[in-house]
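# Fold and geometry: a report
Listed below are the residues making up each chain.
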Amino acid sequence: MTKIGIILGSTRPGRNGEAVAKWVLDVASKRTDAEFELVDLLDYNLPHLDEAVPPSLGQYTQPHTLEWAQKIGSLDGFIFVTPEYNHSTSGALKNAIDFLFAEWNNKAAGFVGYGSVGGARAVEHLRLIAGELMIADVRAQVLLSLAQDFENYSVFLPKEHQEQALHTVIDQVVAWSKALETVRKPA
């Protein structure tokens, strides 16, 4: 069964992303075309990147890196839930991505952003990063406005059309994850 990780890209106290990621998991879990799990960066307690060798060489030495690599390596695709901080993604998510290389390769990813303009700029930055890591990012995205999809900018109440947008993202991530399976398998 195809395994998709819903990566919660904020570690901030009082983060809006937790409610968003749980919504993504709730919607996704009703499907039968893949297995979905929440991958919360808080559970991995990654320090600022502390590996001496570039991740592209795959010579991880730190226990937290090895644990993170095992989790990401076990997944076939990703849905990144990202806040927008200062016109980009969170430092915590960028740091977590930067720890690894091969574990990201030849997998699909979709994006759910939230922020003042729906997290659009954070998603665009993640698309650039995905390309470098050989992650096939799908076209569809969900952009959640703090003014429209949150009450008082903090209580998550997505507009009705957002669930259909999310299904489109999931459809594309699952399809691409399955299609890339043959590329991920060694010859």
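An account of the accompanying structure is given in this report. On a predicted model such as this, the values are computed, not experimentally measured, just so you know. (Residues numbered from 1 in each chain as written. Predicted model: local features only at pLDDT ≥ 70, side-chain atom pairs only at ≥ 80, totals over all residues. Heavy atoms only, no water.)

## Description of the sheet that holds strand 4 (residues 107-115)
Pairing is parallel in the open sheet, where five strands are placed in the order 2-1-3-4-5. Of all strands in the sheet, those with a lone pairing partner are strand 2 (35-40) and strand 5 (135-145), marking the two edges. Mean inter-strand twist for the sheet, computed between neighbouring axes without regard to direction, equals 20 degrees. Examined bridge by bridge, strand 1 (residues 3-8) and strand 2 share six bridges and lie parallel to one another. Bridge assignment links K3 to a residue of strand 2, and that residue is E35. In the packing of helix 2 (residues 63-73) onto the sheet, contacts are made with strand 1, strand 2, strand 3 (77-83) and strand 4, and the angle to strand 2 comes to roughly 155 degrees. (Pairing = 2+ DSSP bridges. Helix = DSSP H or I, 4+ residues; strand = E, 2+ residues; numbered from the N terminus. Axes fitted to C-alpha atoms, helices over the stretch in contact; angles between N-to-C directions. Contact = heavy atoms within 4.5 Å.)

## Examining helix 2
H64, T65, W68, A69, K71 and I72 are the residues of helix 2 that are buried. The buried residues of helix 2 occupy an angular sector of 165 degrees when projected down its axis, which confines them to one face. Counted as exposed and oriented over 90 degrees from the buried face of helix 2: P63 and Q70. Elements that come into contact with the buried residues of helix 2 comprise strand 1, strand 2, strand 3, helix 3 (91-98) and strand 4. (Buried < 20%, exposed > 50% of the residue type's maximum accessible area, 1.4 Å probe, protein only. Arc of directions from axis to C-beta.)

## Points about the pairing of strand 3
Of all the seven residues making up strand 3, seven are buried; the element is thus mostly covered by neighbouring parts of the structure. Relative to strand 3, strand 1 runs parallel, the two being bridged by five bridges. Bridge pairing in strand 3 places I4 opposite G77. Alignment of strand 3 against strand 4, held across seven bridges, turns out to be parallel. Directly across from G77, in strand 4, lies its bridge partner A108.

The analysis is restricted to geometry; functional conclusions fall outside its scope.
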